[in-house]
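Here's the letter readout for the chains.
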Amino acid sequence: MENQIELLNAQFALTDELLFQPGENGLPKVQINNGLASAEVYLQGAHITAFQPRGGEPVLWMSPLAQFQRDKAIRGGVPVIWPWFGPHLIDKNKPQHGFARSIEWRVKATTALSDGSTRLQLQLKDTPTTHALWPHAFELTLTITVGTELTIELTSCNTGEQTFVAGGALHSYFAVGDVKKIHIDGLLGHLYIDQLDGNRIKQQNDAICIREEVDRIYFDTEDTCSEGICAIFDAQFLRQIYIKKSGSHTTVVWNPWENKAKSMADFPDDGYRQMVCIETANAVDDVRHLAPGETHTLSQTIFL
Ligand code: BG6
């Protein structure tokens, strides 16, 4: 392990800006600190666990009970969901939300950009383990750019000989002062599947306020708001978080509320009050068909 960290630092560290370190339970993580912001990324799942603009507060919510176990998804931050969103359509024994979030990715490149931001690229390719879950050849690249904004781009490439169908999401957990004192803009008028009401299709007729468990998949959201932006207005933290996206026509809004929070071992009972998930997704019929050699990029930029 120490050896792995040393090797990674020898090849990819950027002086005063990007360093590899042993994280919780010894899992390798990347620490980024530049003049604009700081961030932390675990190689397992290419999972961003922190992002904080310089002089600002944490933007992402991390569960204080997150387990950081090898081959297990981490609760909070930005899990990378791929190649399917939610339960597997046919085989319910396969992991919910695919496998990309629970496998260690490799480092492809690190770059100090001229505008002061830092870029980290991680990569995941198919292996016998992934073939047992999903029989396709692929190459995934996650490009994370940490500056005043956090940009996350997930590029999937079909490196096999057959067309495949893949869904996914950047399952972002945002930190809020009190979920009862936020509203979410940008989804007005959109239809959504209410996953808590027999998958009924409903329409969003006003800004979203969260007063109970919410688990919705919104459609046709590429152009949310006039400029393709979703926003969380937080009356307690007195801030707005904006999420701009591309390569995605579905947006998921999730808050487990009290009972579901209590049922999750890695989620504090009252943790639902400090978070909300807004997920840039390729869910339901927004999955992508990739022919051999084709690529698709799902991306989001988070800013205050
Ligand atoms: C959301 C789903 O994306 O993720 C919810 O819409 C699910 O149904 C939630 O409960 C959390 O999933 P998991 O697998 O991380 O517990």
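Residues numbered from 1 in each chain as written. Predicted model: local features only at pLDDT ≥ 70, side-chain atom pairs only at ≥ 80, totals over all residues. Heavy atoms only, no water.

Caption draft 1: How the structure looks around the packing of aromatic side chains. Across all of its chains, the model carries 16 aromatic pairs by this definition. On the numbers, 6.4 Å between centres and 90 degrees between planes, the contact of Trp-82 with Phe-99 is edge-to-face. Here Phe-99 lies in the loop between strand E5 (80–81) and strand E6 (106–112) and Trp-82 lies in the loop between E5 and E6, a separation of 17 residues in the sequence. Accessibility classification places Trp-82 together with Phe-99 in one group, the buried group. In this structure an aromatic cluster arises from ring pairing among Trp-82, Trp-84, Phe-99, Trp-134, Phe-138 and Phe-164. (Phe/Tyr/Trp six-rings, centres within 6.5 Å; stacked < 30°, edge-to-face > 60°. Helix = DSSP H or I, 4+ residues; strand = E, 2+ residues; numbered from the N terminus. Buried < 20%, exposed > 50% of the residue type's maximum accessible area, 1.4 Å probe, protein only.)

Caption draft 2: Up close: the sheet that holds strand E14 (residues 200–203). Across the sheet, 7 strands lie side by side as E5-E11-E19-E18-E15-E13-E14; this open sheet has antiparallel pairing. Edge strands, defined here as strands with exactly one partner in the open sheet, are E5 and E14. As defined by bridge partners, strand E13 (residues 191–194) adjoins strand E15 (residues 214–218) across 3 bridges and the pair is classed as antiparallel. The residue of E15 that forms the bridge with Ile-193 is Ile-217. (Pairing = 2+ DSSP bridges.)

Caption draft 3: Spatial organisation of the pairing of strand E4 (residues 47–53). Most of E4 sits out of view: 5 of its 7 residues are buried. The hairpin formed by strand E3 (residues 37–42) and E4 contains 4 residues between the paired strands, and Gly-45 there has a positive phi angle of roughly 80 degrees.

Caption draft 4: Fine view of the site of the ligand. If you check the shell around the ligand, you find Arg-75, Phe-85, Gln-96, His-97, Arg-101, His-171, Gln-195, Asp-215, Val-252, Trp-254, Lys-260 and Glu-279 and nothing else. With respect to the ligand, the side chain of His-97 contributes an N or O atom lying 3.1 Å from an oxygen atom. The contact in question runs from an oxygen atom of the ligand to an N or O atom on the side chain of Gln-195, over 3.1 Å. Protein contact buries 88% of the 390 Å² of open area that the ligand shows by itself. A per-class count over the shell around the ligand returns 3 nonpolar, 4 polar and 5 charged. (Near = heavy atom within 4 Å. Polar contact = N/O pair within 3.5 Å; in protein donor to acceptor, adjacent residues only side chain to side chain. Areas by Shrake-Rupley, 256 points an atom, 1.4 Å probe, with all protein chains shown as cover. Nonpolar A, V, L, I, M, F, W, Y, C, P; charged D, E, K, R; others polar.)

Caption draft 5: Region of interest: the sheet that holds strand E9 (residues 150–158). What the 8 strands build is an open sheet, ordered E6-E7-E8-E9-E21-E17-E16-E12; its pairing is antiparallel. Each edge of the sheet is formed by a strand with only one pairing partner; in this case those strands are E6 and strand E12 (182–185). For this sheet the average axis-to-axis angle between neighbouring strands, irrespective of direction, equals 15 degrees. Bridge count for strand E17 (residues 239–246) against strand E21 (residues 295–303) is 5 bridges, and the pairing is antiparallel. (Axes fitted to C-alpha atoms, helices over the stretch in contact; angles between N-to-C directions.)

Caption draft 6: Summary view of the side chain of Ser-63. Within the secondary structure, Ser-63 sits in the loop between E4 and E5. Take Ser-63: its relative accessible area is 4%, and that puts it in the buried class. With residues up to four places along the chain from it excluded, the contact list for Ser-63 reads Arg-75, Gly-76, Asp-266, Phe-267 and Pro-268. (Contact = heavy atoms within 4.5 Å.)

Caption draft 7: Spotlight on the pairing of E17. Judged by which residues are buried, E17 turns out to be one-sided: Arg-239, Ile-241, Ile-243 and Lys-245 face inward and are buried, whereas Gln-240, Tyr-242, Lys-244 and Ser-246, on the alternate face, are not. Both strand E16 (residues 229–234) and E17 contribute to a ladder of 6 bridges, which runs antiparallel. Bridge pairing in E17 places Asp-234 opposite Arg-239. Between E16 and E17, which pair antiparallel in sequence order, lie 4 residues; one of them, Leu-238, sits at a positive phi of approximately 50 degrees.

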